[in-house]
Each structure stands twice: as structure tokens, then as C-alpha cells.
Amino acid sequence: MKLRPGAKPHLRTPAAWRGGLALQLFAGLLLALGLSACSEAEAPLKKQKVHPVKLLSLSDEGGGVIQRYPGVVEASERSNLSFRIGGELRELNVQAGQEVTQGELIAQLDDRDARSQLNNARSSFNLAQATYKRMKYSVEKGAISRARFDEAQAEFQSAQAQYSQAQDQLSYTELKAPYDGVIARVPVDNYQVVTAQETIAVLQQPGQIDVTFNLPERQVRAIDRERAMAGRQEDAALAWVRFGRGEQRYPARYKEHDTSASEGSLSYQVTLTLPEPQDITVLSGMSATVELDMQQLTGATGGQWRVPVEAVVMRDADPQQAVVWRYVEDGSAAAETSPDVEDKDKDKDKAGQGTVEAVPVEVLQATGEGLVITGELNAGDRLVTAGASRMQAGEPVRPWVKEAGL
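The present account deals with the structure reproduced in this document. (Residues numbered from 1 in each chain as written. Predicted model: local features only at pLDDT ≥ 70, side-chain atom pairs only at ≥ 80, totals over all residues. Heavy atoms only, no water.)

## Some thoughts on the nonpolar core
Stage number 1. V211, F213, L215, V241, F243, L272 and L274 are the most contacted members of the largest nonpolar core, which totals 22 residues.
Stage number 2. Taken together, the elements giving at least two residues each to this core come down to β3 (66–75), β12 (208–216), β13 (239–243), β14 (249–257), β15 (267–275) and β16 (287–293).
Stage number 3. When near neighbours in sequence (up to four residues on either side) are disregarded, F213 contacts Y69, P70, G71, Y268, Q269, V270, L272, V290 and L292.
Stage number 4. Core analysis: the second largest hydrophobic core is formed by 19 residues, L81, L175, V194 and A201 among them. (Core = buried A, V, L, I, M, F, W, Y, C linked by side-chain atoms within 4.5 Å. Buried < 20%, exposed > 50% of the residue type's maximum accessible area, 1.4 Å probe, protein only. Helix = DSSP H or I, 4+ residues; strand = E, 2+ residues; numbered from the N terminus. Contact = heavy atoms within 4.5 Å.)

Shown next, in the form of C-alpha cells:
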């Protein structure tokens, strides 16, 4: 190194030398990291090929044999008690659930007008009766003409009829129980003005009760008449009834069904009968749920299943044939194992996977709970119930499991 004349050599201190070296090393490290990042290729996203599906397992009960319908309780022997005349209620001596005996007073109307009419009719009757007796004596003596006697006799008979009618009118102000029973319903209040023939109380005779419900026209047509008639005599129940929200169900027998459709609908009213339960109070008008064994009533063979509407689809290849998609589990995938942690995770994802296959079915009927179908199905089969219209034969799927929080 050459120095200018008179210049002194510049010496770097150790601290400055170390600082420059650190900066060089840091810059080199950044350069190396940048080159490494640029050289590493981005991993492509893997497309999911296994679709999750919601499945329904067919139970051993068949699912389509027992149908449920809302019903209403009616007493087999019941009477709607009412007055033959109108008026104001002055006494109402019963309430729902009360037991009454024959001749017991149920209710009474204000009878002041009826008693006044009875007094007037009695007075007219007494006067007409006295006149008739005098005229009868006089006509026998020849004191009056036969025509005058006939007039007196007619007036007496008219007064007698009016007096008897007034007595009846007074008796109509009282409403009595025609037989021993239980008051099922009281739709009026005391001191209320009621009309003639308006129901004051519903009296039912203990013993048998009826449950009525509506059955769609298609199912009524499918009922076998001989089986229905036999169901009235056989001990085996064709239907069961649940009352309210209770879990206990009671066997019932088929009794009858209407021969004409209900007004405004294509359904027919069906009546079941059963003995009155002893462990609960059941009154006319209460709600009930009917469970009907349609297989026994129609004579249909086994292999019927009730599934959601979404589970039955039509394929483009054969739009006239209804099918369901049955899940077929791939057992080999679940059986594979690997000692590596990464392979174990892969096997865990494969476990429970499978494919779907189309099973032709016949739709027997539609209910409020889904479709009743029949086909080559068995108890334990699992059917696709969501997204069935997008399924293809052999498509890999896995059962959808509801995760926590969803």
C-alpha cells in the first residue's frame, strides 16, 4: 500500500472489523433463505374424491308396516245432553270427569216463565173443567142444546191439552242423567243463555271407547275386507292406541270405516274400539295416536320399509324405475394397518369408507313420515338419505358423522 507523502496509515479497530463481518454474514443468510424459498415448489391441493353421505339404517321392525295417525277419543256409548227449550242456566251441577247416576240433576234453567205459564194453564183448565161438568148435567136435563155442550167440551179438552203442555214445559227446565256414566265434557258455563238442543254436557257410559282417525283413500282401497272382518273377532290386535303423550300403548280392534270420503278431503274416517283403560282417565274428545298394522289389514307380504322421500330417486337411465342407494362398506380399507404414524392416519381416514349401489324398489304408499317401499332390502342395510340424486354406481363415499358443536 502506497501512502501519500505526509499521510499516516489508517488502522481499523477490532470492534469495527467485527461489525462489518456480522453484516456480511447476515446478508448472506438472507440471500440463502430467499434462494431456498424460490427453489421449493408449491404443493398442489389434493382434490377430495370420497364424499360424505348421510345414511339411514333399516330396522328389524320393517318401518313401513306400522303407520301412525292422529286420532280422537269417542265413547262407544255416549249422549249429548241438551234442553228441549232455550233459556238461562241457573244451575250447572257437573264438571268433566264426574260420575253421575241415572236421574241425577245435571243442570236447570230459569223456570219462572214456565211456572207462570203453568199457573195460567191450570186456571184455564179448572174453569173449563167446571163449565164442562155443568154443561154435561144441563144437556142431560135438556136445559141446553147439544151444540152448546159440544163447545164446552171442546174448550175443556183444549184447556186440558194446554195444561199438560205447560207441565211438560216446566219439566223441560230440568236436565237429568238418562243412565249411569261419566261426564266427559261440559261446553257451557252457568248463567249462560242457551238454545234448544245446545249441548250442555256429554255423558259417556264406562266400558268401551272408540278412537276415530282419517285414512287416505289409497290405503282404504288396499284394505282386505275379509281380513278386516276377521280382525273384529280375532284376539290378535291390528292396531294400538297411545293417549296424549304417554308411552303406554293399548291394543285396539278394527270396528268400521265410512263408505264416503270426508268433506273436502280424499280420506275416510276409520273407527277402532278398545276397552277403557283402567290405569288412566280417558274422556271423549281427548287426542290419541293410532298405530295401524297395514300389513295385516292389506295382506301384504313382508319386506316393507318406510324411508324419507329424499332416499327414493329416479335415474336418467331408467326414469320409470325408482331406486335407493345402498351403502356397501369397503372392508379391506378398514383392515389395512401400518406401523408408521403417517400411514396410520391414512388408514384412519380410509376406515368406514365404501361405495354405493342402486337397488330397484317399488313405492307402495306415501305417508306423513315418508314413503313405504319394497324391494331387495334387508334389515341392517344402510341407505343414502341426503344427496341421493347425485349418486353414481360404485362412487366412493364415507358415512357422515355429526361433529361436536354442529
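## Section: the pattern of salt bridges
Pairs can form between side chains of opposite charge once their charged atoms are near each other.
Stage number 1. All told, the structure shown has 13 salt bridges when counted by the stated rule.
Stage number 2. Between D381 and R326 there is a salt bridge; the shortest N-O distance is 3.0 Å. In this pair, D381 sits in the loop between β21 (370–375) and β22 (382–384) while R326 sits in strand β19 (residues 318–329), placing the two residues 55 residues apart along the sequence. You'll find D381 and R326 in the same group, each marked buried.
Stage number 3. Sharing partners across several salt bridges, the network here consists of R68, R242, R249 and E291. (Salt bridge = Lys/Arg side-chain N within 4 Å of Asp/Glu carboxyl O.)

## A word on the environment of V290
Stage number 1. Among the secondary structure elements, V290 is positioned in strand β16.
Stage number 2. A residue is classified by how much of its surface remains accessible, and V290, at 0% relative accessible area, is buried.
Stage number 3. The sequence separation of V290 and T212 amounts to 78 residues, and the corresponding C-alpha distance is 8.8 Å.
Stage number 4. If we skip the residues at most four places from it in the chain, V290 touches Q67, R68, Y69, V211, F213, W240 and L272.

## Quick look at the sheet that holds strand β7 (residues 105–109)
Stage number 1. The strand order across the open sheet built from four strands is β8-β7-β5-β10, with neighbouring strands paired in antiparallel fashion. Both edges of this open sheet fall to β8 (174–176) and β10 (193–194), since each of them pairs with a single strand only.
Stage number 2. Direction of pairing for β7 relative to β8: antiparallel, over a ladder of three bridges. By the bridge assignment for β8, Q108 is matched with E174. (Pairing = 2+ DSSP bridges.)

## Thoughts on helix α3 (residues 146–171)
Stage number 1. In this model, α3 (26 residues) spans 38 Å end to end at C-alpha, consistent with the 38 Å of a helix rising 1.5 Å per residue.
Stage number 2. If you check which residues of α3 are buried, you get F149, A152, F156, A159, Y163, A166 and L170.
Stage number 3. Looking at the buried residues of α3, the elements they touch are α2 (112–141) and β8. (Expected span 1.5 Å × (residues − 1).)

## Things to note about α2
Stage number 1. Helix length check: α2, at 30 residues, gives a terminal C-alpha distance of 44 Å against a target of 44 Å (1.5 Å per residue), a fit within 8%.
Stage number 2. What α2 keeps buried is the set A114, L118, A121, F125, A128, T131, Y132, M135, S138 and V139.
Stage number 3. Where α2 is buried, its residues meet α3.
Stage number 4. After α2 finishes, the residue G142 shows a positive phi value of roughly 80°.

All quantities given are derived from atomic positions and should not be read as evidence of function.
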